[in-house]
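# Fold and geometry: a report
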Amino acid sequence: MALLIICNDRDLSPWTSALRNIDPKIELRVYPEEGNLEEIEFVLCWKHPRGILKHYPNLKAISSLGAGVDHLLSDPDLPLNIPIVRIVDPELAHAMSEFVIGLIFNHLRAFTQYHENQKQKIWDVNNFQIAPNVHVGIMGMGVLGQDLAIKLAAIGFKVVGWAQSPKEIKNVKVYTGSDEFDEFLSETNILVCLLPLTEKTKNILNKETFSKIQDQAYIINVARGNHLVDEDLIEMIDGNRLSGASLDVFRIEPLPENHPFWAHSKINITPHIASLTNPISVAPQIIENYKRAMAGQPLLNLVSTKLGY
Ligand code: NDP
Ligand code: OXD
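Residues numbered from 1 in each chain as written. Chains lettered and ligands numbered in written order. Predicted model: local features only at pLDDT ≥ 70, side-chain atom pairs only at ≥ 80, totals over all residues. Heavy atoms only, no water.

### Description of the overall build of the chain
Summing up its helical and strand segments, the chain has 9 helices and 12 strands in all. Projecting the C-alpha coordinates of the chain onto the three principal axes gives extents of approximately 65 × 45 × 35 Å. In the chain, which comprises 309 residues, the proportion classed as buried is 50%. Long-range pairs, those at least 24 residues apart, make up 60% of the contacts in the chain with a sequence separation of at least 6. Accessible surface, the chain as shown: approximately 15600 Å² in total, 53% of it carbon and sulfur. Side chains of the chain carry 28 positive and 36 negative charges; the gap between the two charge centres is 4 Å. (Helix = DSSP H or I, 4+ residues; strand = E, 2+ residues; numbered from the N terminus. Buried < 20%, exposed > 50% of the residue type's maximum accessible area, 1.4 Å probe, protein only. Contact = heavy atoms within 4.5 Å. Areas by Shrake-Rupley, 256 points an atom, 1.4 Å probe, with all protein chains shown as cover. Lys, Arg positive; Asp, Glu negative; His and termini not counted. Charge placed at Lys NZ, Arg CZ, Asp CG, Glu CD.)

### Digging into the domain arrangement of the chain
Domain boundaries in the chain define domain 1 (2-89 + 277-295) and domain 2 (90-269). Put simply, the middle of domain 1 and the middle of domain 2, counted by C-alpha atoms, are 32 Å apart. The partner domain 2 presents 8 residues to the 12 residues of domain 1 that form the contact. Both faces considered, domain 1 and domain 2 share a buried interface measuring about 800 Å² in area, 52% of it formed by carbon and sulfur atoms. (Domains from an automatic or database assignment. Buried area = accessible area lost by both parts, 1.4 Å probe.)

### So, the site of ligand 1
For ligand 1, the set of nearby residues contains 28 residues, the closest of which are R86, L144, S165, K167 and Y309. Residue K167 places a side-chain N or O atom 2.7 Å away from an oxygen atom belonging to ligand 1. Alone, ligand 1 offers 940 Å² of accessible surface; in the complex the protein occludes 92% of this. Looking at the shell around ligand 1, the elements that each hand over two or more residues are α5 (143-155) and β7 (158-163). Tallied by class, residues from the shell around ligand 1 come to 15 nonpolar, 8 polar and 5 charged. In terms of domain composition, the shell around ligand 1 takes at least three residues from each of domain 1 (2-89 + 277-295) and domain 2 (90-269). (Near = heavy atom within 4 Å. Polar contact = N/O pair within 3.5 Å; in protein donor to acceptor, adjacent residues only side chain to side chain. Nonpolar A, V, L, I, M, F, W, Y, C, P; charged D, E, K, R; others polar.)

### Comments concerning the pairing of strand β2 (residues 27-30)
Examined bridge by bridge, strand β1 (residues 2-7) and β2 share 4 bridges and lie parallel to one another. What sits directly across from L4, in β2, is R29. (Pairing = 2+ DSSP bridges.)

### A closer look at the site of ligand 2
Inspection of the region around ligand 2 gives W46, G66, A67, G68, R224 and H272 as its neighbouring residues. Between ligand 2 and G68 there is a distance of 2.7 Å, counted from an oxygen atom to a backbone nitrogen or oxygen. With respect to ligand 2, the side chain of H272 contributes an N or O atom lying 2.6 Å from an oxygen atom. With the chains in place, 85% of the 210 Å² that ligand 2 exposes on its own is no longer accessible.

### Concerning the sheet that holds β1
Read across the open sheet, the 5 strands follow the order β2-β1-β3-β4-β5; overall the sheet is parallel. Strands with a single pairing partner mark the edges of an open sheet, and in this sheet they are β2 and β5 (84-85). Of the pairings in the sheet, the one linking β1 to strand β3 (residues 40-46) comprises 6 bridges and is parallel in character. Following the sheet pairing, L3 is matched in β3 by F42. With respect to the sheet, helix α1 (residues 13-22) is in contact with β1, β2 and β3, its orientation differing from that of β2 by roughly 170°. Packing of helix α9 (residues 279-295) onto the sheet brings it into contact with β1, β3, β4 (61-64) and β5, and relative to β3 it is tilted by some 145°. (Axes fitted to C-alpha atoms, helices over the stretch in contact; angles between N-to-C directions.)

### What about the pairing of β1?
Burial within β1 is extensive, with 6 of its 6 residues counted as buried. Taking every second residue as pointing to the same face, both faces of β1 are buried, with A2, L4 and I6 on one and L3, I5 and C7 on the other. Taken together, β1, α1 and β2 form a β-α-β motif whose crossover is right-handed. (Right-handed = clockwise from strand over helix to strand, strands pointing away.)

As structure tokens, then:
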């Protein structure tokens, strides 16, 4: 009978008003004001305190407040019989694609460098490459990866993708599985990670992977910090094998003050803002799933706990 929001890292008033706007009668609670635990039947959460999800005896579904579900599946006390759903939203995909395309052009056209030069009144011309001469490799061809691939191909980039299962996408060759990983990597000048974090994908951005992409390639990680082996990235950039990286996600967030990424001249950092879930845009799917869960109907955007995404 009640939907509980569990999320401690932001102001939740936009969420409660967006949800109430769709269904004014909904019984909404915000953790830690849970009320009677037996009344909690649907939980919307982001980075919940470990172990608490087993405290609601009548829970019917758990929804991630974002696209990723690693924050849920990494809880050893997750009640495994409860279905998990996640956010799938065209606005989220659009924002992600815009962000990554912005980073790619900043890298190719050196906007940040010119801005630095301006501060010192340096008139210095850099060489650049245009899209048709650049191969972008996208790891993860799900909702976000596919949206990005289609937009990059429309601009004129050479785009390849990597997923678990085959896909047909116009002007984009998609490689699958570990057997085709090396071939996927071999042409890549810009490597974008949009994988979910799972047992198979953690630490995948490592020295071995980097050694298989084109010389002077650029790395963009907008997925999860645990995909990247931090020391390997620094070693490969300092060894002049990679030209640099843009990182939006980190093993520890906020990135600790003493982390070497902060001061690295070839690493560009953003605070996990590549794409943000807009409560107004996603409230209808959350309420729909709440109603479906109450009625025992199939849920939207169901996560496979076996696959981990
Ligand atoms: P999806 O679940 O839609 O897509 C995941 C893709 O990864 C699928 O194509 C899947 O293959 C592929 N994949 C999974 N495991 C493997 C593997 N072992 N080998 C090869 N391919 C694999 O996820 P989304 O696109 O919605 O989101 C991706 C991630 O982006 C999220 O999990 C989250 O971590 C991150 N994210 C980051 C944000 C930010 O602001 N920085 C915002 C939103 C999301 P297949 O298609 O064959 O199943
Ligand atoms: C998400 C995120 O997974 O914001 O939605 O990282």
